[in-house]
Amino acid sequence: LGDEHFELIVSNPPYIPSAELAHLQPEVRLHDPAAALDGGSDGLDFFRILAKSVVARSPGGWLVVEVGAGQSGAVEALFHAAAPGAQLRTAVDLAGHTRIVAMQPRPHRFGE
């Protein structure tokens with residue numbers, strides 16, 4: 001992508017911890033490619049990559065991601081560490097679980 005910058009990046013990255021893949025429902029486990037599901041040992045590998053990439057690719061823009069059940073706090077912490085001062089937002093699904101985390105890195109100002 002060269003040095004392109006984006007105002008909005010939306011992602012549904014793999015977020016299932018590797019050890020849980022064998023226990024997924026058959027309709028998921030047998031039909032979705034493992035690469036679309038496997039988020040590494042803790043399920044957060046791709047969030048780490050996205051957080052670092054967005055700071056460079058989207059200063060002032062938004063990164064919006066779907067997260068696994070119970071992962072929102074860890075993802076928010078990763079985003080905050082990658083972009084201190086970033087604006088963070090969350091949204092819940094119909095069952096009331098936080099499933100969306102959004103980050104808007106603070107644009108750099110001259111002299112920072």
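Now for a quick tour of the structure. (Residues numbered from 1 in each chain as written. Predicted model: local features only at pLDDT ≥ 70, side-chain atom pairs only at ≥ 80, totals over all residues. Heavy atoms only, no water.)

### Examining the packing of helix α2 (residues 45-57) against helix α3 (residues 72-82)
So, point 1. The N-to-C vectors of α2 and α3 enclose an angle of 30°; their axes lie 9 Å apart at closest approach. In the crossing of α2 with α3, the sense of the turn from one axis to the other is right-handed. Contacts from F47, R48, A51, K52 and V55 of α2 reach α3 at V75, L78, F79 and A82.
So, point 2. Here the residues of the contact of α2 with α3 are counted per class, giving seven nonpolar, no polar and two charged. (Axes fitted to C-alpha atoms, helices over the stretch in contact; angles between N-to-C directions. Helix = DSSP H or I, 4+ residues; strand = E, 2+ residues; numbered from the N terminus. Left-handed = near helix turned anticlockwise from the far one by under 90°. Contact = heavy atoms within 4.5 Å. Nonpolar A, V, L, I, M, F, W, Y, C, P; charged D, E, K, R; others polar.)

### Points about the nonpolar core
So, point 1. In terms of nonpolar packing, the biggest core is built from 19 residues, with F47, L63, V65, V75, F79 and M103 touching the most fellow members.
So, point 2. Where this core is concerned, the elements lending two or more residues are α2, β2 (62-66), α3 and β4 (98-104).
So, point 3. Counting residues per element, this core draws most heavily on α2, which supplies four residues.
So, point 4. Apart from the residues lying within four places of it in its own chain, the contact partners of F79 are F47, A51, L63, V65, L88, V101 and M103. (Core = buried A, V, L, I, M, F, W, Y, C linked by side-chain atoms within 4.5 Å. Buried < 20%, exposed > 50% of the residue type's maximum accessible area, 1.4 Å probe, protein only.)

It is worth stressing that arrangement in space is one thing and function is another; only the former is reported here.
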